[in-house]
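Reading the structure
The primary structure of each chain is shown beneath.
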Amino acid sequence: MDAAPPTGTQLLAVLAALASPHRLRIVAALAEGRSYVSELARRLQMNRPLLYMHLQRLEAAGLVVGTLERAPDGSSVKWFEVVPFALSLTPATVAAAVPTLEAGGSGKDEK
């Protein structure tokens, strides 16, 4: 995340993305270094479709990034790594973000 204060929409996306024990475990695992999906699924004892769903949510919030790379055998491997971020969550941060919420930014459409 940028050093600039988050907009209301960005704040909602980050908080919603981190509001899951599975996604917190993924961020913690990726904090140790980048990983490809199959290896990460084994480490976290999570099935790949569920892992992909959580990774997509984290990627949409800008907390992780995935890159597709070609393996020596010619297959494609998707690697993920955590994006360095810091979020100072204070009443002032929330107050500054609220006026920037997009219309309908109630969070109701968040998963």
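As a starting point, this report considers the structure included with it. Throughout this document, residue positions are counted from 1 along each chain, in the order its sequence is written. In view of the model being predicted, local features appear only for residues whose pLDDT reaches at least 70, and side-chain atom pairs are presented and counted only at 80 or more, with totals across whole chains, interfaces and linings using the full set of residues. Heavy atoms throughout the structure, all of them, feed into the side-chain values; hydrogens and water do not.

With that settled, the discussion passes to the packing of helix H2 (residues 21-31) against helix H4 (residues 48-60). Orientation of H2 relative to H4, taken along the N-to-C sense of each, is 80°, at an axis distance of 10 Å. Taken together, H2 and H4 sit at an angle that is classed as roughly perpendicular. Residues His22, Arg23, Ile26, Val27 and Leu30 of H2 touch H4, and the partners they reach there are Leu51, His54, Leu55, Arg57 and Leu58. Gly counts as polar in this scheme, as do all residues outside two lists: the nonpolar Ala, Val, Leu, Ile, Met, Phe, Trp, Tyr, Cys and Pro, and the charged Asp, Glu, Lys and Arg. Each residue belonging to the contact of H2 with H4 can be placed in one class, and the counts come to 6 nonpolar, 2 polar and 2 charged. Note on geometry: axes are C-alpha line fits, over the in-contact stretch for helices, and angles between N-to-C directions span 0 to 180 degrees. Helix and strand assignments follow DSSP, with helices taken as H or I runs no shorter than four residues and strands as E runs no shorter than two, numbered in order from the N terminus. Note that the term roughly parallel is reserved for angles under 35 degrees, roughly antiparallel for angles over 145, roughly perpendicular for angles of 65 to 115, and oblique for everything else. Contact between two residues is taken to exist if any of their heavy atoms lie within 4.5 Å; hydrogens are not considered.

Before going further, it helps to examine helix H3 (residues 37-44). Only protein chains enter the calculation, and the probe is 1.4 Å; a residue is then buried if its accessible area is under 20% of its type maximum, exposed if over 50%, and partly exposed in between. Of all the positions in H3, only Val37, Leu40, Ala41 and Leu44 are classed as buried. End-on view of H3: buried residues confined to an arc of 100°, all on one side of the axis. On its buried face, H3 sits against H2, strand S1 (35-36), H4 and strand S3 (76-82). Once H3 finishes, glutamine 45 follows within two positions and takes phi at roughly 50°, a positive value. This arc corresponds to the set of directions leading from the helix axis out to the C-beta atoms.

Taking strand neighbours across the sheet as the criterion, the 3 strands line up as S1-S3-S2 in an open arrangement whose pairing is antiparallel. Only two strands of the sheet have a single neighbouring strand rather than two, namely S1 and strand S2 (64-70). A pair of strands counts as paired when DSSP detects no fewer than two bridges linking them. Pairing geometry for S2 and S3, over 7 bridges, is antiparallel. By the bridge assignment for S3, valine 65 is matched with glutamate 81. Packed on one face of the sheet, H2 meets S1, S2 and S3 and runs near 95° to S3. Strands S2 and S3 of the sheet are contacted by H4, whose axis makes an angle of about 120° with S2.

For this document, the term salt bridge refers to a Lys or Arg side-chain nitrogen within 4 Å of an Asp or Glu carboxyl oxygen. For the coordinates displayed, the defined rule picks out 3 salt bridges. Linking glutamate 32 and arginine 43 is a salt bridge whose minimum nitrogen-to-oxygen distance equals 3.2 Å. Note that glutamate 32 is positioned in the loop between H2 and S1 and arginine 43 in helix H3, a separation of 11 residues in sequence. Taking the relative accessible area as the measure of exposure, glutamate 32 reaches 68% and is therefore exposed. For arginine 43, the salt bridge goes to glutamate 39, with nearest N and O atoms at 3.4 Å. Here arginine 43 and its partner glutamate 39 are both found in helix H3, 4 residues apart, which amounts to about one turn of the helix. What you see here is one network of salt bridges that share partners, running through Glu32, Glu39 and Arg43.

Attention shifts here to the nonpolar core. Among the buried residues, those of types Ala, Val, Leu, Ile, Met, Phe, Trp, Tyr and Cys that are joined through side-chain atoms within 4.5 Å form a nonpolar core. Grouped together as the largest cluster of nonpolar side chains are 18 residues, with contacts concentrated most on Ile26, Leu30, Leu40, Leu44, Leu51, Leu55 and Leu58. Put simply, the parts of the chain that give this core at least two residues each are helix H1 (8-18), H2, H3 and H4. Filtering out sequence-adjacent residues up to four positions away, leucine 40 remains in contact with Ile26, Ala29, Leu30, Ser35, Leu51 and Leu55.

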